[in-house]
Amino acid sequence: MSLRTTTSADYVEDVSPGTGALAPRAWYAVSDAKSLSLNGDWRFRLSATADAEDDSFAAQGYDAGDWAEVTVPGHWVLQGDGAFGSPIYTNHLYPFPVDPPRVPTENPTGDHLRVFDLPEDWPGDGGAVLRFDGVESCARVWLNGTELGEFKGSRLPHEFAVGQLLKPAQNVLAVRVHQWSAGSYLEDQDQWWLPGIFRDVTLLHRPAGAAGDFFVHASYDHTTGEGTLRVDSDVDGRVSVPALDIDVATGEPVTVPVEPWSAETPKLYDGELVTPGERVPLRIGFRTVVLEDGLIKVNGRAILFKGVNRHEWHPEKGRALDLVTMREDVLLMKRHNLNAVRTSHYPPHPAFLDLCDEYGLWVVDECDLETHGFTEQAWRDNPVDDDRWTPALLDRAARMVERDKNHPSVVFWSLGNEAGTGRGLTAMAEWIHGRDSSRLVHYEGDWNCRDTDVYSRMYASHEEVERIGRAVDGGTHKRRQLPFIQCEYGHAMGNGPGGIADYQQIFERYERLQGGFIWEWIDHGITHPELGYAYGGDFGEELHDGNFVCDGLIFPDRQPSPGLVEYKKVIEPVRIEGDGTGGTVRVTNAYDFADLSHLRFEFSHSVDGLPTGAHTLTVPALAPGESAEVKLPAAPDGQGEEVLWTVRALLAEDTPWGPKGHEVAWGQGTVAPRTPVAVAASARPVREERLITLGPATFDARSGAPRTICGLDVSGLRLDVWRATTDNDDGASWQDDTRYGVLWRGLGLHRMRHRLDGVESTDDALTVRTRVAPAAAEVGLRTVYRWTSDGTLLKLTVSVTPEGDWTVPLPRLGIRFGLPADTAREVLYFGGSGEAYPDTRAASMLGQWTPGIDDLHTPYVRPQENGARADVRWAELGGLRIEGDPEFWFSARRWTNEQLDAARHLTDLTPGDTLWINLDHGQHGIGSQSCGPGPLPQYFLTVEPTEFSFVFSVTE
Ligand code: IPT
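Just so you know, these numbers come straight off a predicted model, no measurement behind them. (Residues numbered from 1 in each chain as written. Predicted model: local features only at pLDDT ≥ 70, side-chain atom pairs only at ≥ 80, totals over all residues. Heavy atoms only, no water.)

Thoughts on the sheet that holds strand E48 (residues 712–713)
Formally: Paired strands, in this sense, are two strands between which DSSP finds at least two bridges. Numbering goes from the N terminus for both helices and strands, where a helix is a DSSP run of H or I of at least four residues and a strand is a run of E of at least two.
Taken together, the five strands give an open sheet; going across it, the order is E44-E45-E46-E47-E48, and neighbouring strands pair in antiparallel fashion. Each end of this open sheet is capped by a strand with a single partner; those strands are strand E44 (686–688) and E48. As defined by bridge partners, strand E45 (residues 691–694) adjoins strand E46 (residues 697–700) across four bridges and the pair is classed as antiparallel. The partner of leucine 694 across the bridge, within E46, is alanine 697.

Now the structure itself:
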């Protein structure tokens, strides 16, 4: 016998999907039937528990005059300046005790009230439907005092028939929303918990004879070039597609020659479904998705996903995205060469899929399902393996599939994310396969692939992916027959991800590997008055996962991070490679469908990083997979300066997503190397009082430290091995073996001591001998600074000899020094274009660049090492020229690396009176260990005897 008392809020903890809603059906934005948006200002009252208030507010005539207001769509915790509670961020931990389906008594409950009149032209006949596109996590709905029902499934649509209840004026729509419900157990995605009516609320007129559900089947036969269209419709009618001369009855197939739809060539045909009571516009894309020969094929060809995981995010509005923001995402993706999106981990706002159809992106549409927190109890009581929950799971599957089935962009249905395994998932897969045979089913959590059409993994190492590519990874018989994708890889948290170029090479080497999806698209930082962007813990959460929520390729304000620029280069659809001589380049078409006729190729030589002029290069309109050798014009004589060739592939004409001239791909190579500047050690160090003068520099006679170089005050010049550890250096807490950020700090590399062993002034050099080592350890670096000059140029040669048993690589190795803060506002250098590290340098284009000092800082939401420029030959700032032999990594910042290391938010960083310069001989790789593998061994900064030098001079 249960002691639980029954309250009117029992539905909150009921495992069922809800009551009262209509069966799910295809979603469309417009038709000729009237609709009324109920978005806007709603009256709002927040209660602490699910049943604190009775339902009298739903009655007509209720006076909500003293209630607050919120904007719908929206999340109440992001409105009201904190008066309505705060967001909570957890990765996979449930922020409440795990006792399914029970939820806490403290259950923030938002009563929403909206009074509306029908427009004057609202038809008097027919019915009406009230549609909610997304409410987190459970809602109970009344119209004009009559209860319509209640529902769960936050990112799924729910419709209610309301025709009989509507009045011309003063309709009272009341919605009670509970933050926690049984549904919360199914919605444990790694993101902020954000209650509210966060998607549109719409009243739809349903004329007599209006369209019900309909299913557009539009396939393409690549062997004949014909498409077959058949629109199955609950309500009989006709289907027309004027451009194809199609006018047929619903349910009747018609086959005609068509241009197929693909992510690269997103050909859509405008059509119309006409039922006796409604005309619904259709946008039809013909394509056929099959599993054949162990490969995912569309229109007869294997495709390669160059994808990203996209959560819906806006730094002020949370998951309440407007159309402008959605389009911005799609345009940014297209402009960065992405061709695929996994809608992690729930179906997006339906308008996003319209944009994917229109601009061309393959979509893995994922169901609103994750039960990750059950991993804490070895998946005991996991709802996906408990029959009581199966109706809710099937309801979620159906609401996704029915809503989104008419989008050509959707090629995979995904059952959900991180939900373990179980009968409920199998039931979902069976239902989906039965309902829609024209798409494939994805789920990562079952490595035996019992329910899926693809072997999918997340964060598998390069080595493992390679083994899977070679099909020597074992697994079940079924799995061995399946293609492979990485539904998540390249964890873009903070600086990184590293190693994605290496993954791409492996993906392209093996047919079975059909690409992957970077984790993830955008940092979920929340705009905050004091902190810049808030992340987990900033709202005082009891449990949280810090900045693990900021792991995107774009910053919260949608500015691309270096990670996105890198990914764009890594996945570019045209490969332009030199043969080493500078005489010819090999151009390869890496598209799956498009030829190269939409591109114009531009070619230039540069001398010392400056282009000598741009010319058009004629490249044949290669078909996918084809290559051609293209001869380059003769290179100019660099006369000792470095000569490079650069070939860029640009859009020949404006496209819907990018303007004419937009750069799609590029390649670069060396024709002739530079001759590093030679410095004769002809000047003598001259000692006077406390200073030693050598050429253009003065030194402290006792310490041997430079005081001025080329007229600039120099402070603190010494060896530097520390970098403010990146999220990928620090690694994830569950990875305890080789998290170098942790090992470095444990060894004390952030607090190196510099012992002075001697200052020697000889005829041709000033030599300073030191030993650099952390307290409490016996390892150290014998470091010798040797200064020489010809009277004008000053050369510093740094020799480093390790001592002791070094078991870790170094974060960085180079020198750093301070200059007065006002030395320079910008830097001119010849080197790589943007931020780069050993395994994130694919997009680093050699040239002369002039970033402002502040542009050299990458604003990772949690501050960390950033901004290094790779392959710098020389740099000039404030009248000082620095030339490296060999090339070096350049960074400049207005705070020290220690300050950067200590900062938690960008607002912790304030410029001081010193500009800090790092000239590095080496940097350790970045990797992806904040959730995946660390850097590959070839990107380690191994401790070994090393020598490097810099030449300082006054700029000409
Ligand atoms: C993986 C999740 O699927 C994703 O939602 C996100 O949490 C990501 O990790 C990390 O940012 S699960 C991972 C712990 C294997």
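Text resumes after the structure shown.
Some thoughts on the packing of helix H1 (residues 323–335) against helix H2 (residues 350–359)
What counts is decided by this rule: Lines fitted to the C-alpha atoms define the axes, with helices restricted to the stretch that makes contact. Angles between their N-to-C directions range from 0 to 180 degrees. Left-handed is the label given to a crossing in which the near helix is rotated counterclockwise from the far helix by less than a right angle, and right-handed is the label when the rotation is clockwise. The contact rule is simple, with two residues in contact once any of their heavy atoms fall within 4.5 Å.
Packing of H1 against H2 leaves a shortest axis separation of 10 Å and a crossing angle of 35°. The two elements H1 and H2 cross, and the hand of that crossing is right-handed. Taken together, the residues of H2 that come into contact with H1 (itself represented by Leu323, Met326, Arg327, Asp329, Val330, Leu331 and Lys334) are Ala351, Phe352, Leu355 and Tyr359.

Description of the site of the ligand
Condition: Think of it this way: one heavy atom of a residue within 4 Å of a molecule or strand is enough to make that residue near it. For the purposes of these results, a polar contact is taken to be a pair of N or O atoms within 3.5 Å, where, inside protein, one atom must be able to donate a hydrogen and its partner to accept one; residues adjacent in sequence count only when each atom of the pair is a side-chain atom. Computed by Shrake-Rupley with a 1.4 Å probe, the accessible areas treat only the displayed protein chains as cover when residues are assessed.
Taken together, 15 residues lie near the ligand, and Asp190, His345, Asn417, Glu488 and His491 sit nearest. The side chain of glutamate 488 places a nitrogen or oxygen atom 2.7 Å from an oxygen atom of the ligand. Contact with the protein chains removes 90% of the 390 Å² of surface that the ligand exposes when unbound.

Regarding the pattern of salt bridges
Opposite charge on two side chains permits pairing when their charged atoms draw close. The following threshold applies: We define a salt bridge as a side-chain nitrogen of Lys or Arg found within 4 Å of a carboxyl oxygen belonging to Asp or Glu. Here the term buried applies to any residue with accessible area under 20% of the maximum for its type, exposed to any over 50%, and partly exposed to those in between, with areas from a 1.4 Å probe on protein chains only.
For the structure shown, the criterion picks out 77 salt bridges. With a closest N to O distance of 4.0 Å, aspartate 55 and arginine 140 form a salt bridge. You can see aspartate 55 sitting in the loop between strand E3 (40–49) and strand E4 (68–72) and its partner arginine 140 sitting in strand E9 (residues 138–143), a full 85 residues away along the chain. Here aspartate 55 falls in the partly exposed class, since its relative accessible area comes to 35%. Given the relative accessible area of 9%, arginine 140 is considered buried. A salt bridge links arginine 674 to glutamate 887, with the nearest nitrogen and oxygen atoms 3.0 Å apart.

As for the nonpolar core
Using the following cut-off: Residue types Ala, Val, Leu, Ile, Met, Phe, Trp, Tyr and Cys, when buried and joined through side-chain atoms within 4.5 Å, form a set referred to as a nonpolar core.
Core analysis: the largest hydrophobic core is formed by 148 residues, its most contacted members being Leu130, Leu173, Leu203 and Phe601. Other than its neighbours up to four places away in sequence, leucine 130 contacts Leu38, Val141, Leu148, His158, Glu159, Phe160, Val162, Leu173, Val201, Thr202 and Leu203. Judged by nonpolar contacts, the second largest core, of 57 residues, contains Tyr740, Tyr785, Ile882 and Ile917.

Focus: the side chain of aspartate 839
Note the cut-off: Think of it this way: Lys and Arg go in the positive column, Asp and Glu in the negative one, and His and the chain ends go nowhere.
In this structure, aspartate 839 sits in the loop between strand E55 (828–831) and strand E56 (847–849). Here aspartate 839 sits buried without a salt bridge, and the closest side chain of opposite charge, arginine 723, lies 7.1 Å off (N-O distance). A distance of 2.7 Å separates a polar side-chain atom of aspartate 839 from the backbone nitrogen of isoleucine 926. Side-chain polar atoms of aspartate 839 contact the backbone nitrogen of glycine 927, separated by 2.8 Å. Once you skip the residues sitting within four places of it in the chain, aspartate 839 turns out to touch Gly498, Gly499, Glu566, Gly925, Ile926, Gly927, Pro935 and Tyr939.

Overview of the packing of aromatic side chains
We apply this condition: For Phe, Tyr and Trp, where Trp contributes only its six-membered ring, two rings pair if their centres lie within 6.5 Å, and the inter-plane angle classes them as stacked under 30 degrees, edge-to-face over 60, or tilted in between. Our definition puts a charge over a ring when NZ of Lys or CZ of Arg is within 6 Å of the ring centre and also within 35 degrees of the ring normal.
A complete count under the given rule lists 40 aromatic pairs for this structure. Taken together, a centroid distance of 5.8 Å and an interplanar angle of 40° make the contact between tyrosine 28 and phenylalanine 214 tilted. Taken together, the positions of tyrosine 28 in the loop between strand E1 (18–19) and strand E2 (35–37) and phenylalanine 214 in strand E16 (residues 214–221) put the pair 186 residues apart, joining distant regions of the chain. Look at tyrosine 28 and you get buried, because its relative accessible area is 12%. By relative accessible area, phenylalanine 214 is classed as buried at 3%. The rings of Tyr94, Phe96, Trp180, Tyr185, Trp193, Phe374 and Trp389 are connected pair by pair, giving a single aromatic cluster. A cation sits over an aromatic face here: arginine 155 above tyrosine 346, 5.2 Å from the ring centre. Here lysine 267 stacks its cationic end above the ring of tyrosine 269, 4.8 Å away from the centre of that ring.

Describing the domain arrangement of the protein chain
As a reminder of what qualifies: These domain boundaries are the output of an automatic or database domain assignment. Here the quantity called buried area is the total loss of accessible area, with a 1.4 Å probe, experienced by two parts when brought into contact, counted for both.
Once the domains are mapped, the protein chain shows domain 1 (10–206), domain 2 (214–289), domain 3 (297–569), domain 4 (572–672) and domain 5 (686–954). In this structure, domain 3 and domain 5 have C-alpha centres spaced 38 Å apart. Domain 3 puts 31 residues into the contact, and the matching count from domain 5 is 33 residues. Summing both sides of the interface, domain 3 and domain 5 together bury roughly 2500 Å²; the carbon and sulfur share of this comes to 59%. If you sort the residues of domain 3 by the area they bury against domain 5, Asn495, Tyr535 and Glu566 come out on top, with a joint share of 26%.

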